[in-house]
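# Commentary on secondary and tertiary structure
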Amino acid sequence: MTIRTRFAPSPTGFLHIGGARTALFSWAYARKHAGQFILRIEDTDVARSTPEAVQAILDGMKWLGLDWDEGPFYQMQRMDRYKEVIQKLLNDGTAYYCYSSKEELEALRESQMQQGLKPRYDGRWRPEAGKSLPPVPEGIPPVIRFKNPQTGIVSWQDMVKGEINISNEELDDLIIARADGTPTYNFCVVVDDWEMGITQVIRGDDHVNNTPRQINMLHALGADIPQYAHLSMILGNDGQKLSKRHGAVSVMQYDEDGYLPEAVLNYLARLGWSHGDDEIFSMDQFCAWFDLDHITPSAAQFNTEKLNWLNSHYIKQADLAYLAGDITKRLASKSVFVDMDYSAPDLQKVIDLYRDRANTLNELADSIAYFYKMPEIDEAAATKHITADILPVIKTMTEQLAGLDWSVEAIHALINQLVTENGLKFPKIAMPLRVMLTGNAQSPSIDAVMYLLGRDEAISRIEKFTDSH
RNA sequence: GUCCCCAUCGUCUAGAGGCCUAGGACACCUCCCUUUCACGGAGGCGACCGGGGUUCGAAUCCCCGUGGGGACGCCA
């Protein structure tokens, strides 16, 4: 049997980190088993679903590179089919009309809660042999409920949590069609998972309690029961639950914040899943290794520091041309443009010199911006490193720069020569240069920086500094 | 309240009864490298929630606590 998995988000917001991991695991499982990965949009909540959210989810999937083999299917476009199946259930006697009003049900719930009972529908409209139903009220459009078994235990071998048993006595007759006739989530999922031939349902563990209901409906339809894998949730950096008003962000925010999709993917893969001690791996490797046996059943706390570490790793590995394209855009968004009025240093060379000091692409962009615009001088650093006694040495150097064979080695040799002639230590000259050239006291080797900046620009920045100080 | 789930360093995790004096990674600390800051290298700190069983032997199995989370919608 071919493996078929699915990712089934509801388009009520962006693709967040938890959804992304669920999608990643479903995707990887299908890839590992040469199966199909299906994307299904669960948009039956018309009031909350938006086309923007659909697009946001698609964008997120695309950025991560999670490609699907079928879909996206939209549940709203499958209404006719759901209604057919509901009719079948009605005909079979495994579903029935219920005329209880919302207010009535609310009151029922309330009183059950007060008695310390689990709130559930009491089956007042459930047809039973020899039972007389209440008279059908006027003007109340009925909902349709599934006739859930009242005894027995629903049991399944969850692929991450192990055996789970839930008594049918805990369940009630859930609504499968609203008063307006539209089917509800639990029902649509059942029909879709069945008809789309889903073999492994991999989803968040907030669905554990829906599973027995869905299994019962699957049985009523004569469908095969898929395997279930319930993933625990991802907590925020602070260990708190992620929610719209607390910490939940779109995966696209990571793009904006300067993270490479490879890093996010690798991080997410490792969050709740493991392959021995392996920490860094490609998606090809991940797909080859992935299994449901090594998923942790407990919740995992997000850790930005570790994501940063992975991101810095992938920045070091990334293709330079790709990085240059990306960094150009990031600089442009800060009004820093690589084409300048002086002969600007080659972006790829600059990036190559700076890439292993950055955690994010934004940091990388910020760190090299001064190659393409005049830096602001950190006056504290200037005061600390540029002392009156060193100025003549710098001046001498500036003069010699003019005729220098322009190479890192030659610049280095020149500084060394001045160090020796003046009985100084290397930093005594390097630090002032750093401040004059870059504006602050941290940079890669000053000879390499100066080399990339170019002779004219280096001289001009030194002169500009000395003129203004 | 009822049901379900979870529980190893600060964090992510390895661990399927002896390989555990509990391993790796991030973070942190120290040292080395060094031209500042990083990178890199070498070390270090640091955990089996508690209590009972089972067993020759338990982080691993069972039970009870405790703590955390989730679900109880005409949301998904």
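Every value quoted in this text rests on a predicted model; they were computed, and no experiment measured them. (Residues numbered from 1 in each chain as written. Chains lettered and ligands numbered in written order. Predicted model: local features only at pLDDT ≥ 70, side-chain atom pairs only at ≥ 80, totals over all residues. Heavy atoms only, no water.)

### Digging into the packing of aromatic side chains
- Counting across every chain of the model gives 17 aromatic pairs.
- Ring geometry for Phe25 versus Phe290: centroids 5.0 Å apart, planes at 45 degrees, classification tilted. Taken together, the residues span a long stretch of sequence, with Phe25 in helix α1 (residues 17-32) and Phe290 in the loop between α9 (283-289) and β12 (300-301) at a distance of 265 residues. With respect to burial, Phe25 and Phe290 carry one shared label: buried.
- Considering the side-chain rings of Phe281 and Trp289, the 5.9 Å spacing of their centres and the 75 degrees angle between planes classify their relative orientation as edge-to-face.
- Members of the aromatic cluster, connected to one another through ring pairs, are Phe25, Trp273, Phe281, Phe286, Trp289 and Phe290. (Phe/Tyr/Trp six-rings, centres within 6.5 Å; stacked < 30°, edge-to-face > 60°. Helix = DSSP H or I, 4+ residues; strand = E, 2+ residues; numbered from the N terminus. Buried < 20%, exposed > 50% of the residue type's maximum accessible area, 1.4 Å probe, protein only.)

### A closer look at unusual backbone geometry
- That bond from Gly71 to Pro72 is cis: its omega, 0 degrees, falls within 30 degrees of zero.
- One non-glycine residue, Ser335, lies in the positive phi region at around 60 degrees.
- By the element assignment, Ser335 lies in the loop between α11 (320-333) and α12 (347-354).

### A closer look at the packing of helix α15 (residues 391-402) against helix α17 (residues 426-438)
- Remark: α15 packs on α17, axes separated minimally by 11 Å, with the N-to-C direction vectors making an angle of 70 degrees. What the angle tells us is that α15 and α17 run roughly perpendicular. Residues Leu391, Val393, Ile394 and Met397 of α15 touch α17, and the partners they reach there are Ile429, Pro432, Leu433 and Met436.
- Class assignment for the residues of the contact of α15 with α17 results in eight nonpolar, no polar and no charged. (Axes fitted to C-alpha atoms, helices over the stretch in contact; angles between N-to-C directions. Parallel < 35°, antiparallel > 145°, perpendicular 65-115°, else oblique. Contact = heavy atoms within 4.5 Å. Nonpolar A, V, L, I, M, F, W, Y, C, P; charged D, E, K, R; others polar.)

### Considering the protein's contact with RNA strand B
- Taken together, 62 residues are adjacent to RNA strand B, and Asp45, Gly116, Arg178, Arg357 and Ser443 come closest.
- A share of 67% is what sugar and phosphate atoms reach among the atoms of RNA strand B within 4 Å of the protein.
- Between Tyr185 and RNA strand B, the recorded distance is 3.0 Å, taken from a backbone N or O atom to a phosphate oxygen.
- Contact distances for RNA strand B include 3.0 Å between a base nitrogen and a side-chain N or O atom of Asp277.
- Mapped by element, the contributors of at least two residues to the surface near RNA strand B are α4 (102-114), β7 (162-167), α5 (185-195), β12, α10 (304-317), α17 and α18 (446-453).
- No other element matches α17, which puts five residues into the surface near RNA strand B.
- Looking at the surface near RNA strand B, its residues break down into 20 nonpolar, 21 polar and 21 charged. (Near = heavy atom within 4 Å. Polar contact = N/O pair within 3.5 Å; in protein donor to acceptor, adjacent residues only side chain to side chain.)

### Concerning the pairing of β7
- Two elements, strand β6 (residues 153-158) and β7, share six bridges in a ladder whose sense is antiparallel. Note that in β7 the partner of Val154 across the bridge is Ile166.
- Hairpin geometry of β6 and β7 is characterised by an intervening segment of three residues between the two adjacent antiparallel strands. (Pairing = 2+ DSSP bridges.)

### Focus: helix α19 (residues 455-468)
- For α19, which comprises 14 residues, the first-to-last C-alpha distance of 20 Å matches the rise-based estimate of 20 Å (1.5 Å per residue) to within 8%.
- Every buried residue of α19 is accounted for by Glu457, Ala458, Ile459, Arg461, Ile462 and Phe465.
- Among the structural elements, α14 (379-385), α15, α17 and α18 are those in contact with the buried residues of α19. (Expected span 1.5 Å × (residues − 1).)

### Some details on the confidence of the model for chain A
- Summary statistics for chain A give a mean pLDDT of 94 and a share of 99% for residues scoring 70 or more.
- Interface scoring of the predicted complex returns ipTM 0.95; its pTM is 0.94. (pLDDT = per-residue confidence, 0-100.)

### Observations regarding the sheet that holds strand β5 (residues 143-146)
- Strand order in the open sheet formed by three strands is β4-β5-β8, and the pairing between neighbours is antiparallel. The sheet terminates laterally at β4 (95-98) and β8 (175-177), the two strands that pair on one side only. Adjacent strand axes in the sheet meet at a mean angle of 45 degrees, parallel and antiparallel pairs treated alike.
- Pairing of β5 with β8, which is carried by two bridges, proceeds in the antiparallel orientation. Within β8, the residue paired with Ile144 across the bridge is Ala177.
- Along the sheet, helix α3 (residues 79-92) makes contact with β4, β5 and β8, crossing β4 at roughly 95 degrees.

### Focus on the layout of surface pockets
- A volume near 1500 Å³ is recorded for the largest pocket.
- Residue lining of the largest pocket: 38 residues in total, with Ser10, Thr12, His16, Asp206 and His207 positioned closest to the centre.
- Looking at the lining of the largest pocket, the elements with two or more residues in it are β1 (4-7), α1 and β9 (200-204).
- Examining the composition of the lining of the largest pocket, we find that five residues originate from one element, α1, more than from any other.
- When grouped by side-chain class, the residues that make up the lining of the largest pocket number 14 nonpolar, 13 polar and eleven charged. (1 Å grid on protein atoms, 1.4 Å probe; cavity = no way out; pocket = protein on both sides within 12 Å on 5 of 7 lines; lining within 4 Å. Points joined across faces, edges and corners; volume = space filled by probe spheres on them.)

### Here's the deal with the pattern of salt bridges
- With the rule as written, the count across this model stands at 30 salt bridges.
- One salt bridge in this structure joins Asp45 and Arg48, with 2.9 Å as the shortest N-O distance.
- Taking the shortest distance from any N to any O, the salt bridge between Asp389 and Lys428 comes out at 3.9 Å. Here Asp389 is found in the loop between α14 and α15, whereas its partner Lys428 is found in helix α17, with 39 residues between them in sequence.
- A residue is classified by how much of its surface remains accessible, and Asp389, at 49% relative accessible area, is partly exposed.
- The structure contains a network of salt bridges with shared partners spanning Arg6, Arg40, Glu42, Arg78, Arg81, Glu84, Asp192, Asp193 and Glu195. (Salt bridge = Lys/Arg side-chain N within 4 Å of Asp/Glu carboxyl O.)

### Regarding the nonpolar core
- Membership of the largest hydrophobic core comes to 104 residues, with the highest contact counts inside it found for Leu24, Phe286, Ile368, Phe371, Ile429 and Leu433.
- Of all the elements, α1 adds the most residues to this core, at nine residues.
- Of all hydrophobic cores here, the second largest spans 32 residues; its members include Ile164, Ile166, Phe187 and Val208. (Core = buried A, V, L, I, M, F, W, Y, C linked by side-chain atoms within 4.5 Å.)

### Comments concerning the pairing of strand β2 (residues 36-41)
- Burial analysis of β2 places five of its six residues in the buried class, the great majority of the element.
- Of the pairings in the sheet, the one linking β1 to β2 comprises four bridges and is parallel in character. Looking across to β2, one finds that Phe7 is bridged to Leu39.
- Following the backbone out of β1, through α1 and into the adjacent parallel β2, one traces a crossover that is right-handed.
- Relative to strand β3 (residues 70-74), β2 runs parallel, the two being bridged by three bridges. If you follow Ile38 over to β3, its bridge partner there is Glu70.
- Handedness of the crossover is the feature at issue here: the chain leaves β2, passes through helix α2 (residues 51-64), returns alongside β3, and the resulting connection is right-handed. (Right-handed = clockwise from strand over helix to strand, strands pointing away.)

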